[in-house]
Amino acid sequence: MSSYPTVRLHIGGEWRDPGTKESAPVINPATEETIGTVPLATTADLDDALEAARQGFETWRATPVATRTEILHRAAGLITERAPEIGRVMTLEQGKPLKEAAGEAKRTADTLRWHIEDARRAYGRTIPSAPGTILSVRREPIGPVAAFVPWNFPVGGPNRKISTALAAGCSMIIKASEETPATAAALVACYVDAGLPPGVLNLVFGEPAAVSAQLIASPVVRLVAFTGSVPVGKLLAATAGEVMKPTLMELGGHAPVIVCADADPVQAARRAARAKFFNAGQVCTSPSRFLVHSSLYEDFAAAFVKATEEIVVGDGLDPATTMGPLANERRLAAAERLTADAVRRGATVRTGGLRPDRAGYFFAPTVLTDVPRDVLIMSEEPFAPLAPIVPFDDLDDALELANSLPFGLAAYGFTQSAATAEKLSAELEAGILSINHCGGSVHEAPSGGVKDSGYGREGGPEALDSYLVTKRVAHQLS
Ligand code: NAD
């Protein structure tokens, strides 16, 4: 078995020995074997992390921007250098193919570089005013941030928050997922080894509800940043609201793909299938409801099934694998439940539909046709490799179906008509829209949701908005 590192908390510039702490097992989803343990922070550890983040913020905001920039660029260099090893650990604890895992690490170094340079241009402004008065607007780091991130992008997820916060001049306590802790620790080590002052970045794991309750309640924390499910996001936003703290919420979705009558069904199917099964469907922007014009329905379904059957399911450590297992037992149970419900109510399994006979949380990439519109999978985010395909005759009907859920994160459209593309752009309720492709997010442009999918943006210049406060200064010269 490949070696798995010892996981430690990082508080106030020190790695804390997990020896005496309570811990939870870390499981390899491809084998169901326990590969290590993750130490769980005590309330005293969290108090230390809060004090460290308070002091870390004082140090970091007083550090010249040129020095901050130098340290963060060194961290980006270390992430790039260590990407193969970070990827290996990620595959062991999350299951995704090695190539995807190392690619995620490399890409996230670029995300950091982008935010470093963007934050150097977080300009304020001077406004014409009365003689003898300087009226100005400054943008200042908001302060220590409490961040909570899930397990689906074990390095990219944490680093979106860390990179923006640190570039903006904030300090952070991040609670990464207890299911993918070694990847988060390897990421934090890059910042530490780059020379980040103690306390600027603190890493904890623990019982999620207890950790978030303690951190959000503390007056030290000035912003709560969360990525995860809608119910947990609502809970954290409500808790933060009681103490008047702003929140950044990147929550779930259930992305519709509308394939219009004038689209190329084979090209649309191949592009959509590639995105659908990326990370075994465990992506908040994963295409998850396929609404296809009746005239193309069969051609689209056949091409989608063909692309699906080309996927090689296996252990992510095997270079031949193109889709790994689901990351945990909860997702496997959801895949089984949603498929069974759809089939019981009349859907046809065109390929997949079952758990292969082997150890690990594997579920075959699945295509469902003749799917009634009221089955569970049409309203519940699958976060699994399931593709339900539904026909439509009228574009307005497809738009109504697409917009009928409380979510509004990603949406996709395929059409060769500029007028139809504009109609989709104007009428789809989503924060992220892709036309004629299903590409992923880019650090140059904002990602985020509307409705229950959350608020605030990650990526693009908008990302800094959550981490900066605006201060008006009117200075009358004496
Ligand atoms: P979950 O709701 O149990 O947890 C989601 C994340 O929130 C996990 O990382 C968990 O550790 C954390 N969490 C849970 N309770 C918390 C609390 N009280 N305080 C702080 N953090 C808390 O869901 P799950 O089983 O891990 O994932 C299932 C669903 O979550 C998916 O169906 C999907 O909708 C959503 N999800 C979304 C994203 C995303 O990128 N937006 C990522 C992972 C999961």
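Just so we're clear, the structure is a prediction, and the values are computed from it rather than from any experiment.

(A) Region of the structure containing the overall build of the protein. Scanning the protein from N- to C-terminus turns up 13 helices and 22 strands. By its C-alpha atoms, the protein is 75 × 60 × 40 Å across when sized along the principal axes. Partitioning the intrachain contacts of the protein with sequence separation of at least 6 by distance along the chain shows that 74% fall at a separation of at least 24. In the form shown here, the protein has an accessible surface area of approximately 19,100 Å², with 54% of it arising from carbon and sulfur atoms. Here the protein contributes 45 positively and 55 negatively charged side chains, and the mean placements of these two sets differ by 6 Å.

(B) Here's a closer look at the nonpolar core. Counting 82 residues, the largest nonpolar core has Leu72, Val145, Leu166, Met172, Tyr191, Leu196 and Tyr467 as the members making the most contacts within it. Element by element, the count of residues in this core is highest for helix 2 (residues 65–94), at 11 residues. In this structure, Ala268, Ala272, Ala280 and Phe414 belong to the second largest nonpolar core, which totals 58 residues.

(C) Just the domain arrangement of the protein, in detail. Each assigned domain of the protein is listed with its residue range as follows: domain 1 (9–251 + 452–474) and domain 2 (255–442). With centres defined by C-alpha atoms, the gap from domain 1 to domain 2 works out at 31 Å. Each partner contributes to the interface: domain 1 provides 23 residues, whereas domain 2 provides 30 residues. Interface of domain 1 and domain 2: buried area, both sides summed, is about 2,200 Å²; carbon and sulfur atoms make up 55% of it. The interface formed by domain 1 and domain 2 includes two salt bridges. A salt bridge links Arg330 to Glu179; the shortest N-O distance between them is 2.8 Å. Viewed at the interface, domain 2 and domain 1 are joined by 13 residue pairs in polar contact (both at pLDDT 80 or more). Taken together, the elements giving at least two residues each to the side of domain 1 that touches domain 2 come down to helix 2 and helix 3 (98–119). The greatest single-element share of the side of domain 1 that touches domain 2, amounting to three residues, is contributed by helix 2. Along the lines of polarity and charge, the residues of the side of domain 1 that touches domain 2 split into 10 nonpolar, six polar and seven charged.

(D) Representation of the site of the ligand within the structure. The immediate surroundings of the ligand are formed by 23 residues, with Trp151, Ser212, Ser229, Arg330 and Glu381 found nearest. In this structure, a nitrogen atom belonging to the ligand sits 3.3 Å away from a main-chain N or O atom of Pro208. A distance of 2.6 Å is found between an oxygen atom of the ligand and a side-chain nitrogen or oxygen belonging to Arg330. Within the complex, the protein chains bury 84% of what would otherwise be the 810 Å² of accessible surface of the ligand. In terms of residue class, the shell around the ligand is made up of 13 nonpolar, five polar and five charged. Lining the shell around the ligand are residues from two domains, each supplying at least three of them: domain 1 (9–251 + 452–474) and domain 2 (255–442).

(E) The environment of Pro265, seen in detail. By the secondary structure assignment, Pro265 is in helix 8 (residues 265–277). Separated by 27 residues in the primary sequence, Pro265 and Val292 place their C-alpha atoms 8.8 Å from one another.

(F) Structural context of the sheet that holds strand 16 (residues 386–392). What the seven strands build is an open sheet, ordered 14-15-16-13-12-18-19; its pairing is mixed. Two strands lie at the open edges of the sheet, namely strand 14 (348–351) and strand 19 (432–435), each paired on one side alone. Pairs of neighbouring strands in the sheet enclose a mean axial angle of 25°, with direction left out of account. As defined by bridge partners, strand 15 (residues 366–369) adjoins strand 16 across three bridges and the pair is classed as parallel. When the bridges of strand 16 are listed, Leu368 appears paired with Pro388. Packing against the sheet, helix 8 makes contact with strand 12 (255–259), strand 13 (287–293), strand 15, strand 16 and strand 18 (410–414), and its axis sits at approximately 165° to strand 13. Along the sheet, helix 9 (residues 297–309) contacts strand 12, strand 13, strand 14, strand 15 and strand 16; its crossing angle with strand 14, the most-contacted strand, is approximately 50°.

Calculation criteria
- Residues numbered from 1 in each chain as written.
- Predicted model: local features only at pLDDT ≥ 70, side-chain atom pairs only at ≥ 80, totals over all residues.
- Heavy atoms only, no water.
- Helix = DSSP H or I, 4+ residues; strand = E, 2+ residues; numbered from the N terminus.
- Contact = heavy atoms within 4.5 Å.
- Areas by Shrake-Rupley, 256 points an atom, 1.4 Å probe, with all protein chains shown as cover.
- Lys, Arg positive; Asp, Glu negative; His and termini not counted.
- Charge placed at Lys NZ, Arg CZ, Asp CG, Glu CD.
- Core = buried A, V, L, I, M, F, W, Y, C linked by side-chain atoms within 4.5 Å.
- Buried < 20%, exposed > 50% of the residue type's maximum accessible area, 1.4 Å probe, protein only.
- Domains from an automatic or database assignment.
- Buried area = accessible area lost by both parts, 1.4 Å probe.
- Salt bridge = Lys/Arg side-chain N within 4 Å of Asp/Glu carboxyl O.
- Polar contact = N/O pair within 3.5 Å; in protein donor to acceptor, adjacent residues only side chain to side chain.
- Nonpolar A, V, L, I, M, F, W, Y, C, P; charged D, E, K, R; others polar.
- Near = heavy atom within 4 Å.
- Pairing = 2+ DSSP bridges.
- Axes fitted to C-alpha atoms, helices over the stretch in contact; angles between N-to-C directions.

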